[in-house]
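If you want the building blocks of each chain, they are given just below.
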Amino acid sequence: MKYRQTCTNEILVQLEGGDMLLQSFDDFLHGKDYLDACRRGDIGPYDTVVMFSIDGAQLYCSKALDCWIYIWVILNLNPNIRYTKIYVIPGGSVPGPNNLQHPESFLFPGFHHISAVQKEAINIGDAISWAGTADGPGSVHFTGLAGHHGAFPCRIFCGLKGRHKPGGSHYYPALLKPFHYDMEDCDHEDVNISNITGLHEEDYQQKLKYLMHSPGPTNYKTRRRLSGISRPSLISGLSPWRRLTITSTVAGDSMHVPTLNLGPLLIQLWWGKFQ
C-alpha cells in the first residue's frame, strides 16, 4: 500500500528539482490531474485511491443473456499485483437477460459506501475515487452521457460533434466532412484533431443545467442531443475534493479500437471482402 506514496514523493522531488520532463510515463501517478491534486493536498499520504470499472458479458454464444459486473481496483498497490484476482474487489453483479435500464439502482450501494468513507474520519484515510473505466456502451451507465451513438459520441466528453448517414440516426466521430454531404445539424467543416482540447467542468455543468431545465419530454430529447448528456452522473454525488471532475474521470479506451474493432475490419479490407 506504500507504493503510491513512495513513487509520488519521487516524482514530485524530480519535478521540483527543475526537471520538467518526466523520465517515464507508465502509471496514473505521472498524470497531471493526480499530481496537481497531491500538491493541493486533496490527496494525502494515507489516502486510498480506487478505480471503478464496469463491463457486460454475454454468458452464452448463441443465447442473448447479458450480465454486468463492476469492480474496484486499489491504485495504491504496485501494478505488478494491482490487477491480480486476490486484490481486485468485486463491487457487484447485475443479472440479465435484458440490458441495464436503471444502472444507478445497482451501482448506488457501492458509490454510497465510497461516499461514506470519504465523509467519516477513520484511521485508514479517505477513499479517493480517481477514475472510471468501461467500454463505450458501458461508460454511459455511470457517466450519464448520451452514449457513442449520440450527436456527441466521445466517451470523455471532448466536445467533438459526430456525423450521421443520410436518413440515419447513429452518429459517428468522423473528423472529415464527406464529399457532397449536406446533412442538417452535422454538416460542419473538417475538424483538425489538434484543435480538440476537451471541455472543462464548467462547460459540463452548464450543459447539464440546460438539460435538467427541460420543460417536457420532447424538449428533453432535443436538449439531450444538443448537450450530449442524458442525466446527472452518479459520480457527482461524491465529494468534489475526493474525485476527478466529471469531464476527467472517464479513462480512455486503448483496447477495443486497435484490437477488437480495427483488427477484423483491416483483415476484411486486405482480403477484398470489406462491405
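Refer to the structure printed above.
Here's what I pulled together on the structure shown here. Treat the numbers as computed from the prediction; the structure is a model and nothing was measured.

Thresholds, definitions, all that
- Residues numbered from 1 in each chain as written.
- Predicted model: local features only at pLDDT ≥ 70, side-chain atom pairs only at ≥ 80, totals over all residues.
- Heavy atoms only, no water.
- Salt bridge = Lys/Arg side-chain N within 4 Å of Asp/Glu carboxyl O.
- Helix = DSSP H or I, 4+ residues; strand = E, 2+ residues; numbered from the N terminus.
- Buried < 20%, exposed > 50% of the residue type's maximum accessible area, 1.4 Å probe, protein only.
- Core = buried A, V, L, I, M, F, W, Y, C linked by side-chain atoms within 4.5 Å.
- Contact = heavy atoms within 4.5 Å.
- Pairing = 2+ DSSP bridges.
- 1 Å grid on protein atoms, 1.4 Å probe; cavity = no way out; pocket = protein on both sides within 12 Å on 5 of 7 lines; lining within 4 Å.
- Points joined across faces, edges and corners; volume = space filled by probe spheres on them.
- Expected span 1.5 Å × (residues − 1).
- Bend = angle between axes of the 7 residues up to and from the residue.
- Phe/Tyr/Trp six-rings, centres within 6.5 Å; stacked < 30°, edge-to-face > 60°.
- Lys NZ or Arg CZ within 6 Å of the ring centre and 35° of its normal.

1. Observations regarding the pattern of salt bridges
Once their charged atoms are close, side chains differing in charge can pair, the charge on each being opposite to the other.
Here is step 1 of the chain: One pass over the full model with this rule turns up eight salt bridges.
Here is step 2 of the chain: The residue Asp-36 makes a salt bridge to Lys-32 at a minimum N-O spacing of 2.7 Å. Taken together, the residues span about one helical turn, with Asp-36 and Lys-32 both in helix H2 (residues 32-40) at a distance of four residues.
Here is step 3 of the chain: When its relative accessible area of 63% is taken as the criterion, Lys-32 is described as exposed.
Here is step 4 of the chain: Across the pair Glu-104 and Arg-231 runs a salt bridge whose closest N-O atoms are separated by 2.4 Å.

2. Notes on the nonpolar core
Here is step 1 of the chain: Residues Phe-52, Ile-54, Leu-107, Phe-111 and Phe-142 are the most contacted members of the largest nonpolar core, which totals 24 residues.
Here is step 2 of the chain: Those elements that provide at least two residues to this core are strand E1 (48-58), strand E2 (66-74), helix H4 (103-119) and helix H6 (201-212).
Here is step 3 of the chain: When near neighbours in sequence (up to four residues on either side) are disregarded, Leu-107 contacts Phe-52, Ile-54, Tyr-70, His-141, Phe-142 and Leu-234.
Here is step 4 of the chain: Judged by nonpolar contacts, the second largest core, of 16 residues, contains Cys-7, Leu-29, Leu-35 and Ala-131.

3. Some remarks on the pairing of E2
Here is step 1 of the chain: In the sheet, E1 pairs with E2 via nine bridges, with the strands oriented antiparallel. In the sheet register, Ser-53 faces E2, and the bridge partner there is Ile-71.
Here is step 2 of the chain: One ladder, built from five bridges, connects E2 with strand E3 (residues 89-94); its direction is antiparallel. Residue pairing across strands places Ile-71 opposite Pro-90, the latter belonging to E3.

4. Thoughts on the layout of surface pockets
Here is step 1 of the chain: Its boundaries defined by the atoms lining it, the second largest pocket holds a volume of some 800 Å³.
Here is step 2 of the chain: What lines the second largest pocket is a set of 29 residues, among which His-148, Pro-153, Arg-155, Pro-173 and Val-257 lie closest to the centre.

5. Things to note about the environment of Val-73
Here is step 1 of the chain: Here Val-73 lies in strand E2.
Here is step 2 of the chain: Residue Val-73 is classed as buried on the basis of its relative accessible area, which comes to 3%.
Here is step 3 of the chain: Distance from Val-73 to Ile-89, taken between C-alpha atoms, is 6.4 Å for residues 16 residues apart in sequence.
Here is step 4 of the chain: Excluding residues within four positions of it along the chain, Val-73 makes contact with Val-49, Val-50, Met-51, Arg-82 and Tyr-83.

6. Things to note about H4
Here is step 1 of the chain: For H4, with 17 residues, the first-to-last C-alpha span of 24 Å sits near the 24 Å given by 1.5 Å per residue.
Here is step 2 of the chain: Along H4, the sharpest change in direction is near 40° and occurs at Pro-109.
Here is step 3 of the chain: Listed in full, the buried residues belonging to H4 are Pro-103, Leu-107, Gly-110, Phe-111, Ile-114, Ser-115, Val-117 and Gln-118.

7. Observations regarding the packing of aromatic side chains
Here is step 1 of the chain: Taken as a whole, this structure holds seven aromatic pairs when the rule is applied.
Here is step 2 of the chain: For the ring pair Phe-28 and Tyr-34, a centre distance of 5.0 Å and an interplane angle of 70° mean the geometry is edge-to-face.
Here is step 3 of the chain: The class of Phe-28 is buried, set by a relative accessible area of 17%.
Here is step 4 of the chain: Seen from their ring centres, Phe-52 and Phe-142 are 5.0 Å apart, and the 75° between their planes marks the pair as edge-to-face. Taken together, the positions of Phe-52 in strand E1 and Phe-142 in helix H5 (residues 136-143) put the pair 90 residues apart, joining distant regions of the chain. Assigned by exposure class, Phe-52 and Phe-142 land together as buried.
Here is step 5 of the chain: Taken together, the ring pairs in this structure connect Phe-52, Tyr-70, Trp-72, Phe-111 and Phe-142 into an aromatic cluster.
Here is step 6 of the chain: Sitting above the plane of the Phe-152 ring, Lys-207 keeps its charged end 5.9 Å from the centroid.

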